[in-house]
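Now for the letters of each chain:
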Amino acid sequence: MKKVNFWYAAGIRAARTIAQTAIAMIGTAVVLSDVNWLAVLSASILAGILSILTSIATGLPEVGGNG
């Protein structure tokens, strides 16, 4: 199996988390014009930061543990 760079894998995981958070936040609005875009952006960025910190703290299975 190809060894994956920790930061690359953590970045991919964070990007997916950001997208999932944005989708969830947008999905809470009744219509698209009711979306609070600042809240979506803020929550998504925070989720990405937390994902990176979690990857550092607990490691990633795809790179074999802690970074």
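Scroll up to find the structure this text is about.
Here goes a summary of the coordinates provided. All figures in this text were calculated on a predicted structure; none of them were measured in a lab.

Thoughts on the overall build of the chain
- Helix and strand counts for the chain stand at 2 helices and 0 strands.
- For the C-alpha atoms alone, the extent of the chain along its principal axes is close to 45 × 20 × 15 Å.
- Considering the chain as a whole, with its 67 residues, one finds that 24% of them fall into the buried category.
- Accessible surface, the chain as shown: approximately 4,800 Å² in total, 68% of it carbon and sulfur.

Re the packing of helix 1 (residues 6–27) against helix 2 (residues 37–58)
- For the pair helix 1 and helix 2, interaxial distance at closest approach is 8 Å and the crossing angle is 150°. Relative to helix 2, the element helix 1 lies roughly antiparallel. The chirality of how helix 1 crosses helix 2 is right-handed. In this structure, helix 1 uses Phe 6, Trp 7, Ala 10, Gly 11, Arg 13, Ala 14, Thr 17, Ile 18, Thr 21, Ala 22, Met 25 and Ile 26 to contact helix 2, whose residues at the interface are Trp 37, Ala 39, Val 40, Ala 43, Ser 44, Ala 47, Gly 48, Ser 51, Ile 52, Ser 55 and Ile 56.
- Split into classes, the residues belonging to the contact of helix 1 with helix 2 amount to 15 nonpolar, 7 polar and 1 charged.

Considering a nonpolar patch on the surface
- On the surface, Trp 7, Leu 38, Leu 41, Ile 45, Leu 46, Ile 49, Leu 50, Leu 53 and Ile 56 cluster together to form a nonpolar patch covering roughly 930 Å² of accessible area.
- For the nonpolar patch, the element with the most residues is helix 2, which contributes 8 residues.
- When you line up the elements, Ile 45 lands in helix 2.

As for the side chain of Ser 55
- With respect to the helices, strands and loops of the structure, Ser 55 is situated in helix 2.
- Residue classification places Ser 55 among the buried residues on the basis of a relative accessible area of 3%.
- Discounting residues that sit within four places of it in the chain, Ser 55 has contacts with Phe 6, Ala 10, Arg 13 and Leu 60.

Remarks on the packing of aromatic side chains
- Inspection of the entire model under this criterion finds 1 aromatic pair.
- When the centroid spacing of 5.0 Å and the interplanar angle of 85° are considered together, the rings of Phe 6 and Trp 7 count as edge-to-face.
- You can call Phe 6 buried: its relative accessible area is 12%.

The rules we used
Residues numbered from 1 in each chain as written. Predicted model: local features only at pLDDT ≥ 70, side-chain atom pairs only at ≥ 80, totals over all residues. Heavy atoms only, no water. Helix = DSSP H or I, 4+ residues; strand = E, 2+ residues; numbered from the N terminus. Buried < 20%, exposed > 50% of the residue type's maximum accessible area, 1.4 Å probe, protein only. Areas by Shrake-Rupley, 256 points an atom, 1.4 Å probe, with all protein chains shown as cover. Axes fitted to C-alpha atoms, helices over the stretch in contact; angles between N-to-C directions. Parallel < 35°, antiparallel > 145°, perpendicular 65-115°, else oblique. Left-handed = near helix turned anticlockwise from the far one by under 90°. Contact = heavy atoms within 4.5 Å. Nonpolar A, V, L, I, M, F, W, Y, C, P; charged D, E, K, R; others polar. Patch = residues over 30% accessible without salt bridge, like charges linked within 9 Å, V, L, I, M, F, W, Y side chains within 5 Å. Salt bridge = Lys/Arg side-chain N within 4 Å of Asp/Glu carboxyl O. Phe/Tyr/Trp six-rings, centres within 6.5 Å; stacked < 30°, edge-to-face > 60°.

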